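# Examining the three-dimensional arrangement
In case you want the letters, here they are:
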Amino acid sequence: MSPQAAKADDGTTLLIACGALAREIRALIALNGWDHLTLRCLPAELHLRPDLIPGAVAALAEADPRPADRIKVLYADCGTGGALEALCAEKGLELIPGPHCYSFFDGNDAFAARGEAEMRAFYLTDFLVRQFDAFVWKPMGLDRAPELRDDLFGGYETLVHLAQTEDPELDARAREAAARLGLRHARRFTGYGDLERFMAGIPA
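Throughout, residues of each chain are indexed from 1 in the direction in which the sequence is written. For a predicted model such as this one, the threshold for reporting local features is a pLDDT of at least 70, and the threshold for listing and counting side-chain atom pairs is 80 or more; totals across whole chains, interfaces and linings nevertheless cover every residue. In computing side-chain properties, one takes all heavy atoms of the structure into account and sets aside hydrogens as well as water.

### Comments concerning the packing of helix H1 (residues 22-32) against helix H10 (residues 193-200)
Counted only if it meets this: Each axis is a line fitted through C-alpha atoms, taken for helices only over the stretch in contact, and angles between the N-to-C directions span 0 to 180 degrees. Helix numbering and strand numbering both begin at the N terminus, where a helix is a DSSP run of H or I of at least 4 residues and a strand a DSSP run of E of at least 2. Note on angle classes: values under 35 degrees are labelled roughly parallel, values over 145 roughly antiparallel, values of 65 to 115 roughly perpendicular, and the remainder oblique. Each crossing gets its hand from how the near helix is turned against the far one by less than a right angle, where anticlockwise is left-handed and clockwise is right-handed. Working rule for contacts: check all heavy atoms of both residues, and any pair within 4.5 Å makes them a contact. Polarity classes work like this: nonpolar for Ala, Val, Leu, Ile, Met, Phe, Trp, Tyr, Cys and Pro, charged for Asp, Glu, Lys and Arg, and polar for all others, with Gly in that last group.
Between H1 and H10, whose axes approach to 11 Å, the crossing angle comes to 50°. Relative to H10, the element H1 lies oblique. Seen from above, H1 lies across H10 with right-handed handedness. Across from Glu24, Ile25, Leu28, Ile29 and Asn32 in H1, the residues of H10 making contact are Leu195, Glu196 and Met199. Along the lines of polarity and charge, the residues of the contact of H1 with H10 split into five nonpolar, one polar and two charged.

### Let's talk about a nonpolar patch on the surface
The cut-off we apply is this: In this scheme, patches are assembled from residues that exceed 30% relative accessible area and form no salt bridge. Like charges are connected within 9 Å, while nonpolar side chains (Val, Leu, Ile, Met, Phe, Trp, Tyr) are connected within 5 Å. The Shrake-Rupley method, run with a 1.4 Å probe, gives the accessible areas here. Residue values count only the displayed protein chains as cover. For this document, the term salt bridge refers to a Lys or Arg side-chain nitrogen within 4 Å of an Asp or Glu carboxyl oxygen. In this scheme, a residue with accessible area under 20% of its type's maximum is buried, one over 50% is exposed, and one in between is partly exposed, where area comes from a 1.4 Å probe on protein chains only.
Side chains of Met140, Leu148 and Leu152 sit close together on the surface and give an oily, nonpolar patch of about 230 Å² of accessible area. Here leucine 148 shows up in the loop between helix H7 (132-137) and helix H8 (149-153). Since its relative accessible area comes to 36%, leucine 148 is described here as partly exposed.

### A word on the side chain of aspartate 126
We count it as follows: Positive residues here are Lys and Arg, negative ones are Asp and Glu, while His and the chain termini are left out of the count.
Secondary-structure assignment places aspartate 126 in helix H6 (residues 126-130). The charged side chain of aspartate 126 is buried without a salt bridge, its nearest counter-charge being arginine 130 at 4.7 Å. Setting aside its immediate chain neighbours within four residues, aspartate 126 contacts Glu24, His161, Leu162, Ala163, Gln164, Thr165 and Leu170.

### Some thoughts on the environment of alanine 17
Checked against the element boundaries, alanine 17 lands in strand S1 (residues 13-18). Taking relative accessible area as the criterion, alanine 17 reaches 0% and is therefore assigned buried. Counting along the chain gives 116 residues from alanine 17 to aspartate 133, while the straight-line C-alpha distance between them is 22 Å.

### With respect to the state of the cysteines
The cut-off we apply is this: Our working definition of a disulfide is a cysteine sulfur pair at a distance within 2.5 Å.
Overall, the coordinates contain zero disulfides when judged by the stated rule. The thiol of cysteine 78 is not disulfide-bonded; the next cysteine sulfur, from cysteine 18, is found 5.9 Å away. Judged by its relative accessible area of 14%, cysteine 78 is buried.

### So, the nonpolar core
Put simply, the test is: Residues grouped as a nonpolar core are buried Ala, Val, Leu, Ile, Met, Phe, Trp, Tyr and Cys residues, joined through side-chain atoms within 4.5 Å.
Ranked by internal contacts, the top residues of the largest apolar core, which has 59 residues, are Tyr75 and Met199. With six residues, helix H2 (residues 53-63) is the largest single contributor of residues to this core. For methionine 199, the contacting residues outside a window of four places in its chain are Leu15, Ile25, Leu28, Ile29, Trp34, Leu37 and Leu74. With five residues, the next largest nonpolar core counts Phe111, Ala121, Tyr123 and Val160 among its residues.

### Side note on the packing of aromatic side chains
Any two aromatic rings considered together are summarised by their centre-to-centre distance and by the angle between their planes. Just so we agree on the cut-off: Stacked, tilted and edge-to-face are the three classes applied to pairs of Phe, Tyr and Trp rings, where Trp contributes its six-membered ring and a pair requires centres within 6.5 Å; stacked means planes under 30 degrees apart, edge-to-face means over 60, and tilted covers the rest.
Throughout the structure, instances matching the rule amount to eight aromatic pairs. With centroids separated by 5.2 Å and ring planes inclined at 70°, the aromatic side chains of phenylalanine 127 and phenylalanine 135 adopt a geometry described as edge-to-face. We classify phenylalanine 135 as buried; its relative accessible area is 14%. Chaining the aromatic ring pairs together yields one cluster made of Tyr102, Phe111 and Tyr123.

### What to know about the sheet that holds strand S2 (residues 37-42)
Counted only if it meets this: We treat two strands as partners when DSSP finds at least two bridges between them.
Within the open sheet, the four strands sit side by side as S2-S1-S3-S4. Their pairing is parallel. Single-partner strands in this sheet number two, and they are S2 and strand S4 (94-95). One ladder, built from six bridges, connects S1 with S2; its direction is parallel. From the neighbouring strand, isoleucine 16 faces S2, where its bridge partner is arginine 40. The sheet strands contacting H2 are S1, S2 and strand S3 (71-74), and the helix crosses S2 at an angle near 140°.

### Some remarks on the pairing of S1
Remark: a regular strand shows side chains that alternate across the two faces of the sheet. The following threshold applies: The crossover handedness rule: strands pointing away from the viewer, path from first strand over the helix to second strand clockwise, crossover right-handed.
With respect to burial, S1 is a largely interior element, six of its six residues being buried. This β-α-β element, S1 to H1 to S2, shows right-handed connectivity. As paired strands, S1 and S3 are joined by four bridges and run parallel to one another. Within S3, the residue paired with leucine 14 across the bridge is isoleucine 71.

Listed below in structure tokens is the structure:
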């Protein structure tokens, strides 16, 4: 939805979110009956140009009639180098804590505690398993030059699928992705982690 499409304040809280989280956020809203939340997603492809994320978030927030305390930003830092956090602080927007979605799905404290034990892990969420070619294989040029695989992924040992759902088809696709990258496969069921806890704390 473009900034121009913002409507009058309907009393709900606006969630400005990464498109890569859309399925999970909609599932949580439906599961919990959180009809006080309105979702607007920016294109997931912005992850390929993280420098554009703060400006895109600002444009949606500035075009919306809601006060800042009823606009929540469901992005992690996502490679913006602190620019998104600075923008949210400047505009009084609450930003979900965490350096990236791997961390808040896993639970920020749990993810941080693993630290060095997973220094050589390459993470995929359910979204990235579904979109492996579009967001990993092709952007890294492996569709054109597969011989680069070992140069790009030689520092990793294990592909860790952080699974939000119980889905055997996705599990199989994650194993296939690990094989294509020449990595061991591991699966960790996270559910929705700190994303769910953050959303649950937004008052009706």
